[in-house]
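# Structure assessment
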Amino acid sequence: MHAAPYADTAGRAVLETIRAYGVTAVFGIPGTHNLELYRPLADLGIRAVTNRHEQGSGYGADGWAQQTRLPGVVITTSGPGLQNAMSAIGTAFCESRPLLVLSPGVPLGSEFADVGTLHETKDATAMVGAIAEWSRRVTTAAEAVDAVHDAFALFRSGRPRPVHIEIPLDVLEAPAEVPAEARRARPAQAPAPGDAAAVEAAARLLAESRRPVIIAGGGSTDAVTEITDLAERLGAPVLTTLNGKGVVDERHPLSLGSNLRLAAARAVAEDADVLLVVGSKLGEAELWAPRLEARGAVVRIDISEAQLDKNLAATIGIAGDAAAVADALLALLPPRSRIARDLAAERSAIDAEMRDTAPETVALAEIIAEGLPDDAIVAGDSSQIVYMALGSVLRQRRPHSLLYTPTYATLGYGLPAAIGARVADTSRPVVTVIGDGALMFCVNELVTAVEQRLDVTVVCVDNGGYAEIRQNEIDRGMSPIGVDLVQPDWAALATAFGATGRRVERRADIVSSIRDAIADGGVQLVHIPQNAL
């Protein structure tokens, strides 16, 4: 398409509206068809982060969103650019993350033409709609702006999930004719407080309980103060999912960490006479078991009514905002905090099971954790070092300090998520801990971090390939196939990208290598050859 002669295109109207909601960075790759979405960025004060693959754009936007509490925004071009972002869109849906994807589309009247135009796609909107919360092909600039407002309404008051807006090229490049007032952010709805009768019934159950337990999921991360106050008022142990990790400071005497994958932790929840579940679907991927077998009453709070009986039926279900409902419960509970029960035995059982499950991996994770600052943002990946150990070993003080995808369990998430987190927050160290197999999915993003002049440390734990899948094959009586991978010289590869590469030769040097890398700044890669130490 020819260059648009208009200063105020639909592209500008859309980006102005997004900027009005506070978004200051977008992730993506410029392409032939999306340039009118890029034209206004500098003028609007929006930082453009150019990833080296659109999957990285989606995961970078996710990391940014978790630090800012705003939706991540991705700009793709048509066809393959949009398709490259599909894994990230699927991740955002599965993990309930706010993601707004913008893409151009074929001009109006050219739908399903199949005439061989550049990037022609059978039905891009339907393609994304199959995995996103919603996907819309708009027909005017005003519709595009309204779609942005609808997206932010979802992100603010509903279950956050990815949405996609496809803007036909002729609409994208034409004059917007959208008044300035229509581009302003709309007021947020008041947080849903939940049904008053249900809240009162739940408060009575909790007030009478003798062994209450709280499970806090990803839907509770904006209710840190309220969940902590509830735990203290009730004297209730708190378990979290990995997406809810840090909702209650994991050094708090009532915290039992993000350990639901361990039977000893699940036993605490199952033994509760009242189990309070806040913002979690209690899925098998978090539990590492088919379901949680609660023996007492169950109170569930969730922004989505559809979640209230999912995987575990609620005795009392309350659809509403986690913080607002927790506040309402606190107002109805006796004002004096209960004496917290001694959790030493439960902690000991959880710790013993963690170590028995993967002793060598846990030992290495503890060494890595020793090298990390207390306030570090740690981006993980679907690597054994993370899901078998680091997710439990790390004791974090606040939510969104471990960036991870426990349900979708994608590979290649950790590095781009760390990039997005560092773009959003330069006040905290950002580290990604990632296996060699997972790093190969996103190693191209090293140069993105270099180009953006970020301080990001990559800790690559190299076990020679896909170690868990290798063991799975052996367990099935197979000879290992396709899992023992040739490794590059990781330190030299990082250096070639303009980063600093370090190879750890001795186990005793791991902590100092990580600390030195973080202290030196820039993009650092610390290679830990697990099988050689």
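Description of the structure in this document.

Rules used throughout
- Residues numbered from 1 in each chain as written.
- Predicted model: local features only at pLDDT ≥ 70, side-chain atom pairs only at ≥ 80, totals over all residues.
- Heavy atoms only, no water.
- Buried < 20%, exposed > 50% of the residue type's maximum accessible area, 1.4 Å probe, protein only.
- Helix = DSSP H or I, 4+ residues; strand = E, 2+ residues; numbered from the N terminus.
- Pairing = 2+ DSSP bridges.
- Phe/Tyr/Trp six-rings, centres within 6.5 Å; stacked < 30°, edge-to-face > 60°.
- Axes fitted to C-alpha atoms, helices over the stretch in contact; angles between N-to-C directions.
- Contact = heavy atoms within 4.5 Å.
- Salt bridge = Lys/Arg side-chain N within 4 Å of Asp/Glu carboxyl O.
- Parallel < 35°, antiparallel > 145°, perpendicular 65-115°, else oblique.
- Left-handed = near helix turned anticlockwise from the far one by under 90°.
- 1 Å grid on protein atoms, 1.4 Å probe; cavity = no way out; pocket = protein on both sides within 12 Å on 5 of 7 lines; lining within 4 Å.
- Points joined across faces, edges and corners; volume = space filled by probe spheres on them.
- Nonpolar A, V, L, I, M, F, W, Y, C, P; charged D, E, K, R; others polar.

Counting buried positions over the 7 residues of strand E15 (residues 456-462) gives 7, a clear majority of the element. With 5 bridges connecting them, strand E14 (residues 430-435) and E15 associate as parallel partners. For Thr432, the partnering residue across the bridge sits in E15 and is Val458. Note that E15 and strand E17 (residues 523-529) share 7 bridges and pair parallel. Bridge assignment links Val461 to a residue of E17, and that residue is Ile528.

Moving on to helix H17 (residues 384-393). Across the 10 residues that make up H17, a large majority, 9, are buried. For H17, every residue scored as buried is listed here: Ile385, Val386, Tyr387, Met388, Ala389, Leu390, Gly391, Ser392 and Val393.

All right, on to the packing of aromatic side chains then. Counted by the stated rule, this structure contains 4 aromatic pairs. Between Tyr59 and Tyr413, the ring centres sit 5.2 Å apart and the planes meet at 70°, which makes this aromatic pair edge-to-face. Of this pair, Tyr59 sits in helix H4 (residues 54-68) while Tyr413 sits in the loop between strand E13 (402-403) and helix H18 (414-424), and the two are 354 residues apart along the sequence. We classify Tyr413 as buried; its relative accessible area is 0%.

What follows deals with the sheet that holds strand E4 (residues 99-105). Overall, parallel pairing links the 6 strands, which are arranged E2-E1-E3-E4-E6-E5 in an open sheet. In this open sheet, the two strands that pair with only one neighbour each are strand E2 (47-50) and strand E5 (134-137). Neighbour to neighbour, the strand axes of the sheet diverge by 25° on average, direction disregarded. Relative to strand E3 (residues 72-75), strand E1 (residues 25-28) runs parallel, the two being bridged by 2 bridges. From the neighbouring strand, Phe27 faces E3, where its bridge partner is Val74.

With respect to topology, 6 strands assemble into an open sheet ordered E13-E12-E14-E15-E17-E16, the strand pairing being parallel. For this open sheet the edge positions go to E13 and strand E16 (500-503), each flanked by a neighbour on one side alone. On top of the sheet, helix H16 (residues 359-370) reaches E14, E15 and E17; it is set at about 165° to E15, its chief contact. This element, H17, spans strand E12 (377-379), E13, E14 and E15 of the sheet and lies at about 135° to E14.

For the rest of this paragraph, the subject is the pattern of salt bridges. In the structure shown here, the tally under the stated rule is 26 salt bridges. Asp222 is paired through a salt bridge with Arg69; the nearest N and O atoms lie 3.1 Å apart. In this pair, Asp222 is assigned in the loop between strand E7 (212-216) and helix H11 (224-234) and Arg69 in the loop between H4 and E3, connecting sequence segments 153 residues apart. Using a relative accessible area of 56% as the deciding quantity, one classes Asp222 as exposed. Judged by relative accessible area, Arg69 falls into the partly exposed class, the value being 40%. Between Glu250 and Lys245 there is a salt bridge, with the nearest N and O atoms lying 2.9 Å from each other. Residue class for Glu250 comes out buried when judged on its relative accessible area of 5%. Through salt bridges with shared partners, a single network forms among Asp8, Arg12, Glu16, Asp43 and Arg183.

Our next topic: the environment of Arg39. With respect to the element layout, Arg39 can be found in the loop between helix H2 (35-38) and helix H3 (41-44). Along the backbone, Arg39 and Ala7 are 32 residues apart, and their C-alpha atoms lie at a distance of 8.9 Å.

The bulk of non-glycine residues show a negative phi, and the bulk of peptide bonds are trans. At His400, a position not held by glycine, the phi torsion is positive, near 60°. With respect to the element layout, His400 can be found in the loop between H17 and E13. The backbone of Arg453 sits at a positive phi, close to 55°, despite the residue not being glycine. Among the structural elements, Arg453 can be located in the loop between helix H20 (445-451) and E15. Relative accessible area serves as the criterion here: at 78%, Arg453 is assigned to the exposed category.

Turning to the side chain of Gln67, a few remarks are in order. Checked against the element boundaries, Gln67 lands in helix H4. Setting aside anything within four residues of it in sequence, one finds Gln67 in contact with Ile377, His400, Leu403, Ala421, Ala424, Asp425 and Arg428.

A word on the packing of H11 against helix H14 (residues 322-332). Interaxial distance between H11 and H14 falls to 9 Å at its minimum, and their mutual angle equals 30°. Here H11 lies roughly parallel to H14, going by the angle between them. At the point where H11 passes H14, the crossing takes the left-handed sense. Residue-level inspection shows Glu226, Ile227, Asp229, Leu230 and Arg233 of H11 in contact with H14, the latter providing Ala323, Ala326, Asp327, Leu329 and Leu330.

A separate point is the layout of surface pockets. In this structure, the largest pocket encloses a volume near 1000 Å³. In this structure, the largest pocket is lined by 46 residues; those nearest its centre are Arg69, Pro160, Gly218, Gly219 and Asp222. Elements supplying a minimum of two residues to the lining of the largest pocket: H4, helix H6 (86-95), helix H8 (141-157), strand E10 (297-302) and H14. Ranked by the residues each element gives to the lining of the largest pocket, the list is headed by H8, at 4 residues. Considering only residue class, the lining of the largest pocket consists of 19 nonpolar, 17 polar and 10 charged. In this structure, the second largest pocket spans a volume of roughly 650 Å³.

Under the counting rule described, the total for this entry stands at 2 cavities of 30 Å³ or more. Reported here for the largest cavity is a volume of approximately 50 Å³. Looking at the largest cavity, the residues that line it are Gln66, Arg97, Leu242, Asn243, Lys245, His400, Leu402 and Tyr404. Partitioning the lining of the largest cavity into residue classes produces 3 nonpolar, 3 polar and 2 charged. Secondary structure elements with two or more residues in the lining of the second largest cavity: H4 and H6. Considering every element that reaches the lining of the second largest cavity, the biggest residue donor is H4, with 3 residues. Taken together, the residues that form the lining of the second largest cavity break down as 5 nonpolar, 1 polar and 2 charged.

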